[in-house]
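Take a look at the letters that make up each chain.
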Amino acid sequence: MDDDLFQLRQLPVVRFRRTGESTRSEDDGENREQVVRIAEQTDLESVALADGAPVPREFANPTDDTFMVEDAVEAIGFGTFQWKLSILTGLSWMADAMEMMILSILAPQLHCEWRLPSLEVALLTSAVFIGMMISSSLWGNISDKYGRKTGLKMSVLWTMFYGLMSAFAPIYGWILVLRALVGFGIGGAPQSVTLYAEFLPMKSRATCILLIEIFWALGTVFEVLLAILVMPTLGWRWLLGLSTIPLFIFAFLCFWLPESARYDVLTGNQEKALATLKRIATENGAPMPLGKLIAARQEDRGKIQDLFSSHFRCTTVLLWFIWFANAFSYYGLVLLTTELFQEGGACGSESVLLKHRQNDLCVYPSIIYTAYLLRLLVTLWAIDRLGRRKTMALCFLVFSLCIIPLYGCVGRASMTVLIFIARAFIAGGFQAAYVYTPEVYPTATRALGLGTSSGMARVGALITPFVAQVMLESSVYLALSVYCCCCLLAAVASCALPIETTGRGLQESSHREWGQEMMGRASSHSSGGIPHSSSGSQG
C-alpha cells in the first residue's frame, strides 16, 4: 500500500479546487468556496455541505488527500487512452452493424437458392431480433455482476463463433437457429457503450458516444462492399465467414482493454482501479489526483429490483417506453418508406410513381446517408445545449410533425423530404437515448439499465412490421396515426423524465440518492446529518 502511494506521488499532481468551475480552471477570481465536513468513520465517505449548498458541477475533492474515480477521470481528461478506446468500441459497433446488414443481403439470396417461402424468409430476420430481445437484459446483468469487460468479451466471442458457424449451415433449420444465436450475442453490443462512458470525462461524454455511431455506418458500408466483391464468385457462405473479421480483431485487441475503474471500486478492488487510473494518466500524460482512492462498495449489483427503487422507478418505466418508441418508429419508417413509395402515399397514386421505380435504388441510399449526417449534426448541437431530455423530446416531436403531412396527397419530392427529415430526427432521438441511459443509472445497475432498455427497443422492432405492412394495407391513415401518436407520447415521456443528466457526474452506488456524489441536497443536510454508505478506501 505504501509502495502504491509512493508511486502515485511520483506522477504529476493536481489538487482540486472547490469551485463551481472545472477542476482545471485557472480563474481564481471567483470566490465560491464551499465548507465541507467529512465523516471520519471508515464506513462513511459521504460529503456534507454547509446549509445544503451545491458541490461544484465537476466534483471537487472533498479533502486534499482523498479522491474518487470521478475526480480522477475529470483530472486526467480526454487523451490517447480514450482515442484508443474509441476505436476499439467503434470496432465492436462496426462488427455488429455488419451482422445486422447481412440480414438484408442473406434473406433474398436464400429465398432464391433454397426456394424459401416468404414466411420463412421473414422468420429468419425475426429470429435475430428475438435473440437480441432475450439476451439484452442477460448481458446487462452479467456486465454488472462480473464486469463490463467480461460481459463485452463474452458477447463478442459468442457472436463471432455462431456467426462463423452460420456459414456452414446445411439446411434452413440450422441457419435459423444459428442466426438466432448470433442475435443473442448482438444483444450484448450496447455494453460497449457502458464501458466507454465510464472512462469518458463529463464534457466529452455525449459527443464521443454520438460520434461512435460513425462506426455503425462504416460497418454497413463495408458489408455492402464485401457483398459486392464476394457474393458473385464465392457465395453467401464466404460472406458470412468474412463478416466475422472485425469480431476477430476485437477479440484479439481485448488484451489491451482494461476493466472499468468504476466497476472495480464498486466491487472493493481499489488496487486494480488505482492501477487502471495510473495507466490512463500515463498514456494521456496527465496528472493524477493526490491521496487515497475512496469508493462506495456494493455487493448486490445487477438486480432488476434496483431499477424499480423509489429513485428510479419512474425513470425506468419512461425510458423503456422511449426506447420502445424509438425502435418502433425508426424501423417502422424504414418499412413505410418502401410501402408509401409503392402505394403512392395516402392518395394511392401508384401510376404516377411506378415510372420512378428504377430510381429507388439511388433515392433510398441517399435518404439514409444524408439523414444520418443531418441527425448527427443536429444531435451534436442540441445534446449539451438543450439537455438530454429536451433533445429526445425535440426529435420525437419533429418526427410526428413530419408524419402529419403524409395524411394528404403529397408529391414524391415532398414525401422524400418529409421522410428524410423524419428519419434523421428519430435516429437522433435513438442516439440521445444512448447518451442519457448510461448517465442516469448508477454503476451498480448501469449495464442492466441499458440492457433492459435495449431489450424494449427490440420489442418495438418486432411489433412494427404489423403496423407498417399489415395495418397499412387496411388503412394508410390508421398506420400513420399509430406512429404519430406513439412519438407524441414519447415526447411527453422525455419531458417527464425526473432526472436531467447534462453536466452531471456518473453515480457510483445505487444505495445513494441520485447525484449525491455531485450535488448537495438541502433536505438531507439541513439538519447537519451525513448520509451513510458502505464504502472502502485505498491508500
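An unreviewed UniProt entry lists the protein chain under the name SV2 related protein, with Lates calcarifer as the source organism. Quoted verbatim from the Subcellular location (unreviewed entry) heading of the UniProt record, the comment on the protein chain is "Cytoplasmic vesicle, Secretory vesicle, Synaptic vesicle membrane". In UniProt, the protein chain has this text filed under Sequence similarities (unreviewed entry): "Belongs to the major facilitator superfamily."

> So what about the packing of helix α4 (residues 118–146) against helix α19 (residues 446–474)? Which residues, and what values?
For the pair α4 and α19, interaxial distance at closest approach is 7 Å and the crossing angle is 170 degrees. As judged from the angle between their axes, α4 and α19 are roughly antiparallel. Along the contact surface, α4 presents Ser126, Phe129, Ile130, Met132, Met133, Ser136, Ser137, Gly140, Asn141, Ser143 and Asp144, while α19 presents Arg446, Ala447, Leu448, Gly451, Thr452, Ser454, Gly455, Arg458, Val459, Ala461 and Leu462.

> Which residues make up a nonpolar patch on the surface, and what values do they have?
Taken together, Ile245, Ile249, Phe252, Leu253 and Phe255 make up a surface patch of nonpolar side chains, about 520 Å² in accessible area. As for its placement among the helices and strands, Leu253 is situated in helix α11 (residues 245–253). Look at Leu253 and you get partly exposed, because its relative accessible area is 31%.

> Give me α4: which residues, what numbers.
The first and last C-alpha atoms of α4 sit 42 Å apart over 29 residues, in line with the 42 Å expected at 1.5 Å per residue. Of all bends in α4, the biggest is about 35 degrees, found at Ser135.

> Which residues make up the pattern of salt bridges, and what are the values?
One pass over the structure, following the stated rule, counts 10 salt bridges. Here Glu283 makes a salt bridge to Arg279, at a shortest N to O gap of 3.3 Å. You can see Glu283 and its partner Arg279 sitting in helix α13 (residues 270–284), four residues apart, about one turn around the helix. Linking Arg388 and Glu439 is a salt bridge whose minimum nitrogen-to-oxygen distance equals 2.8 Å. Highlighted residues: Arg388 in helix α17 (residues 388–403) and Glu439 in helix α18 (residues 412–440), separated in sequence by 51 residues. Relative accessible area serves as the criterion here: at 2%, Arg388 is assigned to the buried category. A single salt-bridge network, built from bridges that share partners, covers Asp144, Arg148, Glu198 and Arg446.

> Pulling in residues and values, what's your account of the environment of Val221?
Within the secondary structure, Val221 sits in helix α9 (residues 213–230). Residues Val221 and Met98, 123 residues apart in the sequence, show an inter-C-alpha distance of 8.5 Å.

> Before we move on, could you go through the packing of aromatic side chains and cite the residues and values that matter?
Counted by the stated rule, this structure contains 21 aromatic pairs. Aromatic pair Trp139 and Trp158: ring centres 6.4 Å apart, planes at 80 degrees, arrangement edge-to-face. With Trp139 in helix α4 and Trp158 in helix α5 (residues 148–166), this residue pair connects regions lying 19 residues apart in the sequence. Residue Trp139 is classed as buried on the basis of its relative accessible area of 2%. Seen from their ring centres, Phe308 and Trp320 are 5.5 Å apart, and the 85 degrees between their planes marks the pair as edge-to-face. Taken as a pair, Phe308 in the loop between β6 (292–295) and α14 (313–343) and Trp320 in helix α14 lie far apart in primary sequence, 12 residues in all. For Phe308, a relative accessible area of 30% corresponds to the partly exposed category. The structure contains a cluster of three or more aromatic residues connected by ring pairs, namely Trp93, Trp216, Trp323, Phe430 and Tyr434.

Procedures and definitions
Residues numbered from 1 in each chain as written. Predicted model: local features only at pLDDT ≥ 70, side-chain atom pairs only at ≥ 80, totals over all residues. Heavy atoms only, no water. UniProt positions renumbered as here; feature names shortened; annotations may be inferred. Axes fitted to C-alpha atoms, helices over the stretch in contact; angles between N-to-C directions. Helix = DSSP H or I, 4+ residues; strand = E, 2+ residues; numbered from the N terminus. Parallel < 35°, antiparallel > 145°, perpendicular 65-115°, else oblique. Contact = heavy atoms within 4.5 Å. Patch = residues over 30% accessible without salt bridge, like charges linked within 9 Å, V, L, I, M, F, W, Y side chains within 5 Å. Areas by Shrake-Rupley, 256 points an atom, 1.4 Å probe, with all protein chains shown as cover. Salt bridge = Lys/Arg side-chain N within 4 Å of Asp/Glu carboxyl O. Buried < 20%, exposed > 50% of the residue type's maximum accessible area, 1.4 Å probe, protein only. Expected span 1.5 Å × (residues − 1). Bend = angle between axes of the 7 residues up to and from the residue. Phe/Tyr/Trp six-rings, centres within 6.5 Å; stacked < 30°, edge-to-face > 60°.

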